[in-house]
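The residues making up each chain are set out below.
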Amino acid sequence: MQKTRLITVTAALLAVAAGCWAWWERDRVAPKLINALLQGSRIEELRGLELGPGVIAAKRLVLAIESGAHLQLDNVQLLRPFSLLFASQQNRAELAVAKLSYASGVARNREPQAPNETQGLDTAGVELSESIKLLKYLPETIQIGNLAWQGQTAQLNLRRDYGEDTIHAELSSGGKLLSLQLRPQVNQLQFTVQLAEGKQSPALSVHGNLVQKETGQWQATAQLESELQRVTGLPLSVELNKIAASASGKLTANIEVQLPDQFLQLQDYTGITAKIQSESVLLVLPEALLGAAAELSLSTRSPLVIKLDSMQPLRPEQISGSGSFALTPGKQQQPLIQAEFDTGTTEGRPSFTIAGHFNLESASPLLESPHWQQKLKSLSMDSAAGRIEFHGEARLKQFGEIGSSDLGGLSDIKLSLLAGSKASVNIAAAKEKDSLATQIGWRRGKVSVQLPKALTIGADQWPGNIRITGETVALRAEEKSDGLSLDSQLRSIECNFAQEVDCSLTLNASAPQLSMEAHNLIVEKPTISTQLKLLRDGDHQRLQLRQLAFSAEEIGGGAVEFELLSLNSPQLECTIMRGTTECTSTVLTNSFSTMGAAELEASGSIRMSAFRFKQENGQLLLSTSYRSDDLRLQAQGGYRLDAELKGQLGLDGDTLSGESEVRAGAMQLQSRWKHNLGTSQGQADITLAETTFSQQKPLSQSVKGLPLDIVAGTLSASGQLSWPPTQQDRVDLRFDEVAAVFGESFAAGARGQLSLRRQGEHWVSGEPQAIRLDTLDPGLPIRNIRFSLALDQNRDLTLGNISAELLGGRLQSQSLVWNLAGEERNSQVSISEVSLRELAREMEAENFAATGILDLQIPLVTGPKGVTVKRGGVKARPPGGRLRYYGAFSAAMLAGNPQLKLLAGALEDYNYRELSGTLEYPPSGDMQLQLKLVGRSASVAADRDLIINLNLENNIPDMLRSLQATRDLTEALEKQVQ
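Bear in mind that the values here come from a model prediction, so they are computed numbers and not experimental data.

As for the overall build of the protein chain
A count of helical and extended segments in the protein chain gives 14 helices and 55 strands. Taking as baseline every contact in the protein chain between residues at least 6 positions apart, the subset at least 24 positions apart corresponds to 48%.

Considerations on the pairing of strand E54 (residues 926–937)
Direction of pairing for strand E53 (residues 910–921) relative to E54: antiparallel, over a ladder of 10 bridges. Each bridged residue has a counterpart across the sheet, and for Gly-917 the counterpart in E54 is Leu-931. Turn length for the E53-E54 hairpin, with the two strands adjacent in sequence and antiparallel, is 4 residues, and the turn residue Gly-925 shows positive phi of about 90°. Where E54 and strand E55 (residues 946–955) come together, 10 bridges link them in antiparallel fashion. If you follow Lys-932 over to E55, its bridge partner there is Asn-949.

Digging into the packing of aromatic side chains
Any aromatic ring pair is given by two values, namely how distant the centres are and how the planes are angled relative to each other. Evaluated as defined, the whole model comprises 3 aromatic pairs. Their ring planes at 70° and their centres at 5.7 Å tell us that Phe-562 and Phe-592 sit as a pair that is edge-to-face. With Phe-562 in strand E31 (residues 561–577) and Phe-592 in strand E32 (residues 580–597), this residue pair connects regions lying 30 residues apart in the sequence. A single burial state applies to Phe-562 and to Phe-592, both of which are buried. Ring geometry for Phe-848 against Tyr-885: centres 5.9 Å apart, planes inclined by 90°, an arrangement best described as edge-to-face. Of this pair, Phe-848 sits in strand E49 (residues 848–850) while Tyr-885 sits in strand E52 (residues 881–885), placing them 37 residues apart in sequence. With relative accessibility at 24%, the residue Phe-848 sits in the partly exposed group. Classification of Tyr-885 by relative accessible area gives partly exposed; the value is 34%.

Thoughts on the pattern of salt bridges
Scanning the model with the defined rule gives 35 salt bridges in all. Glu-553 is the salt-bridge partner of Lys-525, the closest N and O atoms lying 3.7 Å from each other. On the criterion of sequence distance, the pair formed by Lys-525 in the loop between strand E28 (521–524) and strand E29 (527–537) and Glu-553 in strand E30 (residues 540–556) is long-range, its members being 28 residues apart. Taking relative accessible area as the criterion, Lys-525 reaches 46% and is therefore assigned partly exposed. The salt bridge involving Glu-661 is made with Arg-663; its shortest N-O contact spans 3.2 Å. Residues joined in a network through salt bridges with shared partners are Glu-737, Arg-751, Arg-772 and Asp-774.

A closer look at the environment of Ile-255
Relative to the elements of secondary structure, Ile-255 occurs in strand E13 (residues 248–259). For the pair Ile-255 and Thr-273, spaced 18 residues apart in sequence, the C-alpha to C-alpha distance is 5.6 Å. Not counting chain neighbours up to four residues away, the residues in contact with Ile-255 comprise Ala-220, Thr-221, Ala-222, Thr-273 and Ala-274.

A look at the nonpolar core
If you look at the biggest cluster of nonpolar residues, it comprises 109 residues, and the most contacted ones within it are Ile-831, Leu-854, Leu-856, Tyr-912, Leu-915, Leu-919 and Leu-933. With 5 residues, E53 is the single largest residue contributor to this core. Apart from the residues lying within four places of it in its own chain, the contact partners of Leu-854 are Ile-831, Ser-832, Glu-833, Val-834, Leu-836, Val-874, Lys-875, Ala-876 and Leu-915. Membership of the second largest hydrophobic core comes to 24 residues, among which are Leu-100, Leu-128, Ala-169 and Leu-189.

Some points on the environment of Leu-251
Checked against the element boundaries, Leu-251 lands in strand E13. Residue classification places Leu-251 among the partly exposed positions, given a relative accessible area of 26%. The spacing of Leu-251 and Glu-279 is 28 residues in sequence and 6.4 Å in space, taken between C-alpha atoms.

As for the side chain of Gln-212
Counting through the fold element by element, Gln-212 comes out in strand E11 (residues 204–212). Other than its neighbours up to four places away in sequence, Gln-212 contacts Ser-129, Asn-187, Gln-217, Trp-218 and Asp-261.

What counts and how
Residues numbered from 1 in each chain as written. Predicted model: local features only at pLDDT ≥ 70, side-chain atom pairs only at ≥ 80, totals over all residues. Heavy atoms only, no water. Helix = DSSP H or I, 4+ residues; strand = E, 2+ residues; numbered from the N terminus. Contact = heavy atoms within 4.5 Å. Pairing = 2+ DSSP bridges. Phe/Tyr/Trp six-rings, centres within 6.5 Å; stacked < 30°, edge-to-face > 60°. Buried < 20%, exposed > 50% of the residue type's maximum accessible area, 1.4 Å probe, protein only. Salt bridge = Lys/Arg side-chain N within 4 Å of Asp/Glu carboxyl O. Core = buried A, V, L, I, M, F, W, Y, C linked by side-chain atoms within 4.5 Å.

As structure tokens, then:
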């Protein structure tokens, strides 16, 4: 008994001690006890807790919600707390909070827990009927002096009116008043929500009624009316609040829905109807949305009615209604977009149609905004103009097909930009020198687009592949400062945009002129046409140009100029991937009426095969084979070469190189060359294969227009040429038994070798080089010609140790010098043992015959005026000879002149013993001979000497032409060749 009493006392003392400890530590103990009952949320802080039969108070309560947000309540006081639980009819509890603050946050990560029967509440099973009954547990009054929510502050007052059985709540902030009135009844709940400013009439009001049917289902109806210009201060995000603050117009809505008592079971919602109507609704969209502030206006012509058979899954039953909207950027007078729309249901599928236009004059605020200028930094756009008419339509999936994973379930989408639409915009190119626009001379100008036929944008479903089709799009670009213009047409457009882009069209473009100042290039009247196909997969792009045809009337401004140039290819394909561009073509054909370079013109066509171009990391690579069967080359002076050409061409960085082979008649010329585009330096190795000429295959068959034609013999050459010239340049020429024709003159049996090297700025031959010539016949044959040829740094061309046979005598000279720079040079030529009998025979004159041997000393002067002879000497060798010259003077000259008659008679048969005189040869070619003859004539004083002084003048070129005319050139040449 005593032991039991001791235990009781001890337990009582322990209970008292535990209670005292719990009271003293109530700020720590209470949160732990309450947190054990909470699901997801928890009390993080509790201070100043006061417990009593008439009041529960706390200085601060901080509650962390599962979403990560925090609620902080300061100076909380609950009067008559037991009335919450034990009042049967009227709940007299009162709740007051000095300040309630809400701060959003990040949801806390929690370890997943296996569900069990004791954890939490089944929210899906919450019943509306029971929730309405719970309203009786609301305190009679609730007052929150300062409600802080997303940067806004408000006051909340709630009170119950047991007389009218209503609950009134008012939320006031910044002069705005949001009021809620609930009238709970048996199986029914009426509610009214109103938003007003001060004591004005409501700007927004919602009237609703929930009635429970005998089936347990609830029928809900709600009517919304609003004057948007007065609806502000809603608890929305900052951006949405800005839009709401700018709204004006009137919006009404009527909503009906049948819902289950377990109102969170969305799949059981049925009979859902929303009827929405707007009148002059205007919203100001913030700058951040489109890049510039804009006004969006919306009106309905007929109410927009949406009927849903189910909320989850979304299953529409009917959609109908029509209206219009307009979007106006900035302070523009006209909308940028203005359209009317209609909705309806066809064959169980909702459909939407839209028709309107873009008024591009109103796009200036967008184009001038920093947002779009940054996106289009390579091109600056302004001054848009034009009007684009459009018509669009779309459909939802069949009712009952739309699932939760479908984003709206749109299908059969089609937007047509209608025929006759026009648009233009001014575009200024960026200042980067390497941009394409800058290179072709585009600084600032207008680009125009016109649609002769409609352009259609469509998709089978959204989200999904986009398809663009159209017959014709006309484009025109006009540069203002230089008059540059470009016209183009896009035809047969068909593009598909998905994960891969597949776009094909026909392009035709032309321009009066294109100028690329950086490359000193001007293209006159260029045109291009091609079937273009673009394929893109990620960062891999492929461009195909089929039936490519480019032409230009003239391309000039550089070292090479073209006239009537055309470029054709059945297919040119380019790929672009990770900064690398590569283009290939099996065949590229270039044709031109004229390709002009320094002292050279060409015409014909060049066919390139296995063409490959690659650009990677700023490096250019190009390779191709080329061939021409109709190339015609014409050099300055009228020399023309009809040739066949083939070879290889390559570009590696700045180095252009190649191999070529030219065939013209019997000639075959091969070369290997390279050229540096950066330094304009290059080099070529040239080889002329040994070529045999004949009268059937002369040089003129290969090269036309030359003053010289080779009709026999062999010729070969090799050399190395550089630009600019270097000391390694050389030319080697070899010829054997060559016969050549120059006008009515010819040469035969030419043999020798010429080698030239560059020394300083000039070509030199080094050692004199021996040349042999069997015959040279300018009218008088010169035979067995031997000489050495040398060219020195002073540009003196020297024929040394000359020997030849002329008119039975010998022609000799130690050196004959001609300065290629035109400076005068003096030489001495001697002709010995010339037979007058041979001269008379070659002249074939019937009235002239002569015998005797002459020696001539001829001092030659060569210079810019040609060849001259001053005071040359002529002398006959003993014993002299005989002259017979009949008809030297005309009858008119002899009449009345007995002395002349005496001389004429003496010349008809004159035996001279001495003959001497001087010779002059001016640049005109009129040779002058002053001769003194001593001898006798049988017809005049045969027994004594007769001295005759003769002054003779004869034009040597005319005399040679006369001699040439007396012989058959072909026959004479054949004799020499044989």
